[in-house]
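# Report on the structure
Residue-level listing of the chains:
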Amino acid sequence: MFMLTYYVLLYLFCAYSIASVFETVPQAPADVIFSLTAAYKADTNPNKINVGVGAFRTDELKPYVLPVVKKADAILFNDPSLDHEYLPIAGTPSYTRAAAKLILGEESPAIKENRVAAVQTISGTGSIHTGAMFLSKFYTKSSKCYISKPTWANHRNIFELVGFEVEDYPYWNPETRGLDYDRMIQTMRNAPNGSIFILHACAHNPTGVDPTQEQWKGIAEVMRAKGHFPFFDCAYQGFASGDLDRDAWAVRYFVQEGFELFVSQSFAKNFGLYGERAGNLTIVTKSPADTSRVLSQIEKLQRSEISNPPAYGSRIVDIVLNDPALYAEWKENLRYMSNRIIDMRKQLYDRLVQLGTPGTWNHITDQIGMFSFTGLKAPQVKVMKEKYHIYLTDNGRISMAGLSTKNIDYFAKAIDDVVRNVRV
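Description of the structure in this document. All values derive from a computational prediction rather than experimental measurement.

Cut-offs and rules
Residues numbered from 1 in each chain as written. Predicted model: local features only at pLDDT ≥ 70, side-chain atom pairs only at ≥ 80, totals over all residues. Heavy atoms only, no water. Phe/Tyr/Trp six-rings, centres within 6.5 Å; stacked < 30°, edge-to-face > 60°. Helix = DSSP H or I, 4+ residues; strand = E, 2+ residues; numbered from the N terminus. Buried < 20%, exposed > 50% of the residue type's maximum accessible area, 1.4 Å probe, protein only. Lys NZ or Arg CZ within 6 Å of the ring centre and 35° of its normal. Salt bridge = Lys/Arg side-chain N within 4 Å of Asp/Glu carboxyl O. Arc of directions from axis to C-beta. Pairing = 2+ DSSP bridges. Axes fitted to C-alpha atoms, helices over the stretch in contact; angles between N-to-C directions. Right-handed = clockwise from strand over helix to strand, strands pointing away. Disulfide = S-S within 2.5 Å.

For any two aromatic rings, the description comes down to two numbers: the centre-to-centre distance and the angle of the planes. With the rule as written, the count across this model stands at 28 aromatic pairs. Ring geometry for phenylalanine 134 against phenylalanine 262: centres 5.9 Å apart, planes inclined by 50 degrees, an arrangement best described as tilted. A residue pair is termed long-range when its members are at least 10 positions apart, and phenylalanine 134 in helix α6 (residues 123–138) and phenylalanine 262 in strand β9 (residues 261–266) qualify at 128 residues. Taken individually, phenylalanine 134 and phenylalanine 262 each receive the classification buried, so the pair is uniform in this respect. Three or more aromatic residues joined by ring pairs form one cluster here, namely Phe134, Phe138, Tyr139, Phe159, Phe164, Phe229, Phe231 and Phe262. Here lysine 48 stacks its cationic end above the ring of tyrosine 40, 4.5 Å away from the centre of that ring.

Given below as structure tokens:
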């Protein structure tokens, strides 16, 4: 009996000791966008449409490698001095300087006064994370970060990850299908002094609704009065309107008004370098001494997280931004992409009007950038997926790049059907 008890206890001990230390880890939900793409790829219906993913496509719905990127790639390939050594911790100086100048403007007072630092990052996500991590350690005015409702999911994920209390500010008005400006401003007034506000510099994701220049001035006025810190996310400069300067207007206005701020930049969309993860964090402070200290701490953080940034994508951007001829060609490539998106907006609007689809649809052409918030509700989206094999997010956001002259009629008729016949 004693031996039996001994072996039972030994078995239980061994069973306990070999149990995984990870057995209590919960299963995370699948990423919405990547799940949509997987479902689209698995669908065999010839009429299927993917308007979920935010990547530019030609009218043939093919990935677009910018001609200027091909030229820069050839320059790299034929450069006998090219090596694969580590980049500096903060990235290649010619790249970070050019990226900062692109968003702030060549005549920026902050650049002229040496109040700007810039750090090469793992695209826009890495830029936001690097900035958020720095703020979590050194920003003492408030522990609150405000993000627009709705916004890109990673805004909440990143700032919560580094310890901020994340709250929403009103942005989308479902009744007008436009900016909920008054409630946005009121939330800024009511927020604790010194709160961090994540602002989309242009082509708001997911709504495609941007403040007017007068509204931006009102936002700046309230933020100055409350001492809030602006953290701009700029993923679509030049892609939104086709004009690099117009898309940077809000950031430049805030700098002109004397704000200290961070700007996250991504070159995924406007260079088509989605998988190369080329980004930049531009920092504007009050003085060169402040800039130096901030940069030193961000370099320290970057060293511990990624050691140093990847080279290929940034080298492409570096070449183009610093060569006048290639820079001019890039602007033409941007206009092509922007104009195709604008044309798809007009074509979708025209077809919905022709079909007599219930409701107003001018928001389709009023919005800007890659995404449109259609106003479709989850039950309607469900029918779009199941009946028409059209893949979009449940909040009704669509990527205009997924539409073409070949599928626009089918898409418009699907919207017409669900708006008329699906209860919400």
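Resuming the write-up.
Turning our attention to the pattern of salt bridges. What the rule picks out here adds up to 21 salt bridges. Taking the shortest distance from any N to any O, the salt bridge between lysine 346 and aspartate 350 comes out at 2.9 Å. Here aspartate 350 and lysine 346 lie together in helix α15 (residues 324–355), a separation of four residues that amounts to about one turn. Of the charged contacts, one joins arginine 351 and aspartate 409 as a salt bridge, the two residues approaching to 2.7 Å between their closest N and O atoms.

Turning our eyes to something else, we now look at helix α7 (residues 153–161). Every buried residue of α7 is listed here: His155, Ile158 and Phe159. All buried residues of α7 fall inside an arc of 90 degrees around its axis, so they share one side. With respect to the buried face of α7, the exposed residues turned more than 90 degrees away are Ala153 and Leu161. With its phi angle positive at about 105 degrees, glycine 163 sits one or two positions after the end of α7.

The next subject is the sheet that holds strand β7 (residues 196–200). Spatial ordering of the open sheet is given by β2-β10-β9-β8-β7-β3-β4, a layout of seven strands whose pairing is mixed. Every other strand in the sheet has two partners, leaving β2 (116–122) and β4 (165–170) as the edge strands with one partner each. Sheet twist, expressed as the mean angle between neighbouring strand axes with direction ignored, is 25 degrees. Across two bridges, the pairing between strand β3 (residues 144–149) and β7 is parallel.

Attention now moves to unusual backbone geometry. Among all residues save glycine, negative phi is the norm, and among peptide bonds the norm is trans. At the junction of lysine 149 and proline 150, the peptide bond is cis and its omega measures out at 5 degrees in the coordinates. For proline 150, the location among the structural elements is in the loop between β3 and α7. The residue after asparagine 205, namely proline 206, is reached through a cis peptide bond having omega 25 degrees. If you trace the backbone, proline 206 turns up in the loop between β7 and α9 (213–226). With a phi angle near 60 degrees, leucine 61 is a residue other than glycine that sits in the positive phi range. Position of leucine 61 among the secondary structure elements: in the loop between β1 (49–50) and α3 (67–77). Non-glycine residue alanine 203 carries a positive phi angle of around 55 degrees. Mapped onto the secondary structure, alanine 203 falls in the loop between β7 and α9. A relative accessible area of 3% means that alanine 203 is categorised as buried.

This part takes up the pairing of β7. A large share of β7 lies buried, amounting to five of its five residues. When β7 meets strand β8 (residues 229–234), the two strands line up parallel, connected through five bridges. Residue pairing in the sheet places isoleucine 196 in a bridge with phenylalanine 229 of β8. Considered for its hand, the β-α-β crossover made up of β7, α9 and β8 is right-handed.

Another point: the state of the cysteines. Per the stated rule, a full pass over the model turns up zero disulfides. Summary of cysteine pairing: cysteine 145 is not part of a disulfide, and the nearest cysteine sulfur, belonging to cysteine 234, is at 18 Å. There is no disulfide at cysteine 234, and the cysteine sulfur nearest it, in cysteine 202, is 4.5 Å away. On the accessibility criterion, cysteine 234 (2% relative accessible area) is buried.

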